[in-house]
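Results of the structural survey
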Amino acid sequence: MTPLANRRELAWGAGILLSLAALALLPLATRRDDVLNFVFLILLSITLAESWNMLAGYVGQVNLGHAAFFGLGALVARTLWSLGTPIFLAMLAGAAAAAVFALPIGAAAFRLRGAYFAVGTLALGEILRTTVANVLPEISTLPTADIGTYRLSHRYYLALALASLSVVMAGLLGASRAGLGMRAIREDEDAAEASGVGALWLKLFALVLSTGLAGLAGGLFAFYHISYYPSHAFSPTWTFDALLMTFIGGVGTVHGPVLGAVVYVTLKEYLAVRWVDFHLVIFGGIFITIVLLLPGGLVQAGARVRRLFHRS
Amino acid sequence: MSALAQQIVLGILIGGLYGLAAAGLSLVFGVLKVLNVAHGELIMLGGYAAFWAVALLGMDPFGSLVLVVPLSLLTGVVLYGALFGFVVRANEETREKNSLLIGFGLALVLHALAVRLWTADERSIVTPYGGAVITVAGLSVPVVRLLSLVIAFAVIGGLQLLLTHWRWGKAIRATAEDWQAALLTGIDVRRAYLLAFAMGTGLAGTAGVLVSVGYSVSPSIGLEWTLKALIVVVLAGLGSMIGTFVGGILLGVAEALSAAAFGGPYREVVGLVIFVVVLCARPRGLFGR
Amino acid sequence: MQALEASYGDVRVLSAVTLSVAAGEIVALVGGNGAGKSTLLKSIAGLLPPRAGAIRWEGEDLARVGAHQIVERGLAMVPEGRRLFAGMTVQEHLDLGAFTPRARAVRPASLERVHALFPFLHERRRHVVRSLSGGQQQMVAIGRALMSNPRLLMLDEPSLGIAPRLVRTILTALAEINRAGVAVLLVEQNVQAALTLAHRAYVLESGRITAEGPSAALLSDAHVRRAYLGPLATRA
């Protein structure tokens, strides 16, 4: 178990933050909406993947209902914003709603062993999606006045800020004592508990961070789209995307989800034109290969290649 | 009142298929300790196999079982050999998590392939006898669905017999209880795993055929049926195929009652809510050991 | 002549252990808790791969052979704690015991033998083993192992957690099994009982053999008496 605060991870983290800072200049360099939209999607995906990674990578719990918190954040933020709340506050409220909702779920669900926790959260996500789809079936559209004043660059900078925040949070958490305890739980929960780690509190802490961040991402989603179906934000696709990105990049690291997000969104957009959803066949295959052969993801692959070169 | 009774009848009819779907999942989970979340996708594939057997080969959908069941068993062997056979080598905790992830990846791949190959449209099998209905005490019972229920029950019964009287059926049960003791008894546990997984896939394929003939099939039924099977497994626990079948029927009835009480859209929700509640209260299920 | 020879080296638990069992013998392996007796038996049975050394049986090295194949070769183990199939009946256990082709060939005769040894197995054949007492379960476990038609029967702590009266029954049965031609390798913490039953014994302490020889000799050995048989001895 290498501590997160080793130089390689810090170097990666710094590199990512620098790249994000550089991306701040993008709206000044180009006026093309499709480029900004593309990068926006990457930034949103980074946030989503980092948020999922906090529970899966650090504590080791696979949450298949992550979309529920994304959707809740979107729902609360959208509702408050359309009632006049400034978007920042609305998004924070969305994050808070998601985190508060997560607490009782965590308290109940964390007694379940791995597979049961995963399918339990999956069921919860579906319950929420079905309920929202029935209660709010109409499309949610911004009032015309707001459409007129829609500025993509605002959304872009917010996404940039959120992505940076998620990377910093992940880094700080990993380097902290809490993060160390979480990793101990991931390796062997019983042993960790026996050595006084206080497993439940740490798991809840990770859950709150994970779902709060997901809620923020959801709020961003609600801010970004002019019109969308509220239940779409609860679709399990968001969970699956986060899972794929995190694992393919490298679960449990800070830079893994970032790498995974970039690769995933890029390939998906490239394939989307001609082969809708075919990206899932490819990524599903890569994912399975990674689980079987390369559990550390592409990040680990990079380390292995490096070792190969050092030896020769 | 008779509208409610009608709904309950329909709930029982589909409940039998829920039980059949769950039986395959339960077998694999009980023996290999692997929760195959791609199980619903395997059901979906069985449904498409039946659909194409009817459309391209002109077979009778029930007759297509003759083709689909062996195909499903073979698919199970391939999937075990290529994927799940590798995860069973690890200890129980790693095995559980890795198999969950692999099942997830498999489900994504199968779902996306189905969308690519056959589009997202719903398909139904049309037969000359498809609309036939038996009327019993003022309630109409669609013949096709009734036949499906009977077949499902027969398959479960056959499975139970296999597990109790077939040498390898007993070996499978022993492996599920204690794989090390099974090894010491001379049982090749890897082969027991392979058999159980193949049988589980065969059960899924069978369920798929019955689903597509009585209802419809589309790529999206995968997740839906995985959840149904999970709900029933958690309700009924592991270890009894008959118990699983009954659990399926209970779920069907519960859905019918909730649709009557809260309206159609909430039919799905009640099963999921029961699932979550039972999971938290009794992870071993109602019937299970 | 069948003979089992195990030389075993595993840095963690056992080091350089050599023991042998000849046809028709009852050999006991005794020693305190954590001495490594179970580990040795499990590696012979194929549940644990040995780090070094060989397990020679009828001219073959079993070290790399899979556990279920070892049963086919004629070695059967009754594991510690019985390890029965909780939901299955007594009869199902006996049926499963004769799983290998070698055992299936003589199943009716084996069944008769087992029923003669432990009549209660016939009386309670439809009972689910979960409902049986510890001693009864032990008889099922031994019966299950016997059904595989072994030439060597290995038992890991058969008297653990069993009422003394039933322990005597089991030991008597083991003597009879041996008289019928099955060699027995017995791991036991009840040193008195083990040495009374066995022809030869080894004493295992902290992963090493510290004494070996005919059991009569060991019973009168001063160190053995002091450590395991005297009034101040610690016995589980």
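About the criteria used
- Residues numbered from 1 in each chain as written.
- Chains lettered and ligands numbered in written order.
- Predicted model: local features only at pLDDT ≥ 70, side-chain atom pairs only at ≥ 80, totals over all residues.
- Helix = DSSP H or I, 4+ residues; strand = E, 2+ residues; numbered from the N terminus.
- Rg over C-alpha atoms; globule rule 2.2 N^0.38 Å.
- Buried ≥ 20, exposed ≤ 12 C-beta atoms within 10 Å, placed from the backbone.
- Contact = placed C-beta atoms within 7 Å.
- Nonpolar A, V, L, I, M, F, W, Y, C, P; charged D, E, K, R; others polar.
- Core = buried A, V, L, I, M, F, W, Y, C linked by C-beta atoms within 7 Å.
- Expected span 1.5 Å × (residues − 1).
- Pairing = 2+ DSSP bridges.
- Axes fitted to C-alpha atoms, helices over the stretch in contact; angles between N-to-C directions.
- pLDDT = per-residue confidence, 0-100.
- Parallel < 35°, antiparallel > 145°, perpendicular 65-115°, else oblique.
- Left-handed = near helix turned anticlockwise from the far one by under 90°.

Some points on the overall build of chain B
The helix and strand inventory of chain B stands at 11 helices and two strands. For a compact globule of 289 residues, the expected C-alpha radius of gyration is about 19 Å, and chain B comes in at 18 Å, within 12% of that figure. Seen along its three principal axes, the alpha-carbon backbone of chain B occupies a region of about 60 × 45 × 35 Å. By the burial criterion, 58% of the 289 residues in chain B qualify as buried. Across chain B, the fraction of contacts at a sequence separation of at least 24, relative to all contacts at a separation of at least 6, is 78%.

Side note on the overall build of chain A
On a plain count of helices and strands, chain A comes out with 15 helices and two strands. In summary, chain A has a C-alpha radius of gyration of 19 Å against a globular reference of 20 Å for 312 residues, a match within 12%. Counting only C-alpha atoms and orienting by the principal axes, one finds that chain A spans roughly 60 × 45 × 35 Å. Here chain A holds 312 residues, and the buried ones make up 49% of them. Here the analysis covers contacts within chain A between residues at least 6 apart in sequence; of these, 80% occur between residues at least 24 apart.

A short note on the interface of chain C and chain B
If you look at the interface, chain C gives 22 residues, while chain B gives 17 residues. Contributions of two or more residues to the side of chain C that touches chain B are made by α2 (67-72) and α3 (90-97) of chain C. Counted by class, the side of chain C that touches chain B contains 12 nonpolar, five polar and five charged residues.

Side note on the nonpolar core
Residues Leu220 of chain A, Ala21 and Ala196 of chain B together with Met154 of chain C are the most contacted members of the largest nonpolar core, which totals 278 residues. If you tally residues by element for this core, the top one is helix α1 (residues 2-32) of chain B, at 16 residues.

Structural notes on helix α14 (residues 278-293) of chain A
With 16 residues, α14 of chain A extends 23 Å from end C-alpha to end C-alpha; this agrees with the ideal 22 Å at 1.5 Å per step. Along α14 of chain A, the positions that sit buried rather than exposed are Leu280, Phe283, Gly284, Ile286, Phe287, Ile288, Ile290 and Val291 of chain A.

What to know about the environment of Val184 of chain C
All names here are of chain C. Note that Val184 resides in strand β8 (residues 183-188). Under the C-beta neighbour-count criterion, Val184 is labelled buried, with 22 such atoms within 10 Å. For the pair Val184 and Arg151, spaced 33 residues apart in sequence, the C-alpha to C-alpha distance is 8.5 Å. Apart from residues no more than four positions distant in its own chain, Val184 is found in contact with Ile26, Leu153, Leu174, Ile177 and Asn178.

Here we look at the pairing of strand β1 (residues 133-136) of chain B
All names here are of chain B. Pairing of β1 with strand β2 (residues 139-142), which is carried by four bridges, proceeds in the antiparallel orientation. Counted as the bridge partner of Val136 is Leu139 from β2. Turn length for the β1-β2 hairpin, with the two strands adjacent in sequence and antiparallel, is two residues, and the turn residue Ala137 shows positive phi of about 50 degrees.

A closer look at the interface of chain B and chain A
At the junction of the two partners, chain B supplies 31 residues and chain A supplies 29 residues. Looking at side-chain class alone, the side of chain B that touches chain A contains 24 nonpolar, two polar and five charged residues.

Quick look at the sheet that holds strand β10 (residues 208-214) of chain C
All names here are of chain C. The strand order β6-β7-β8-β3-β9-β10 describes an open sheet built from six strands, whose pairing is mixed. Sheet topology places β6 (75-78) and β10 at the edges, where each strand pairs with a single neighbour. In this sheet, neighbouring strand axes are inclined to one another by 15 degrees on average, regardless of whether the strands run parallel or antiparallel. Here strand β3 (residues 26-30) runs beside strand β9 (residues 200-205); their pairing, made up of four bridges, is parallel. Counted as the bridge partner of Leu29 is Tyr202 from β9. Taken strand by strand, helix α7 (residues 134-146) contacts β6 and β7 (152-156), and its axis lies near 170 degrees from that of β6.

Some details on the confidence of the model for chain A
Here chain A averages 86 in pLDDT, and 96% of its residues register 70 or above. The secondary structure element of chain A with the lowest average pLDDT is helix α10 (residues 189-194) of chain A, at 74, and the one with the highest is helix α4 (residues 66-82) of chain A, at 94.

A word on the packing of helix α3 (residues 33-59) of chain A against helix α8 (residues 152-175) of chain A
Residue and element names in this part refer to chain A. Contact geometry of α3 with α8 gives a least axis separation of 9 Å together with a crossing angle of 25 degrees. Accordingly, the angle class assigned to the pair α3 and α8 is roughly parallel. For the crossing formed where α3 meets α8, the hand is left-handed. Of α8, the residues touching α3 (which contributes Asp33, Leu36, Phe40, Leu43, Leu44, Ile46, Thr47, Glu50, Ser51, Asn53, Met54 and Tyr58) are Leu152, Arg155, Tyr156, Ala159, Leu160, Leu162, Ala163, Ser166, Val167, Ala170, Leu173 and Gly174. Here the residues of the contact of α3 with α8 are counted per class, giving 16 nonpolar, five polar and three charged.

Some words on the environment of Ala3 of chain B
Residue and element names in this part refer to chain B. Assignment of secondary structure puts Ala3 in helix α1. Taking the C-beta count within 10 Å as the criterion, Ala3 has 9 such neighbours and is therefore assigned exposed. In this structure the C-alpha to C-alpha distance between Ala3 and Ala260, which are 257 residues apart in sequence, comes to 8.8 Å.

Considerations on the arrangement of the chains
Contacts are most numerous between chains A and B, considering all two pairs of chains that are in contact. Spatially, chain A and chain C are disjoint, and the shortest separation between their C-alpha atoms is 21 Å.

Focus on helix α9 (residues 177-187) of chain A
When α9 of chain A is considered as a whole, its buried residues turn out to be Gly179, Gly181, Met182, Arg183, Ala184 and Ile185 of chain A. Against α3, α8, α10 and α11 (199-224) of chain A lie the buried residues of α9 of chain A.

Some thoughts on unusual backbone geometry
All names here are of chain C. Its identity as a non-glycine residue notwithstanding, Arg83 has a phi of 50 degrees, on the positive side. Locating Arg83 in the fold gives a position in the loop between β6 and α3. Exposure remark for Arg83: the 20 C-beta atoms within 10 Å place this residue in the buried category. A positive phi angle, close to 55 degrees, is found at Asn149, a residue other than glycine.

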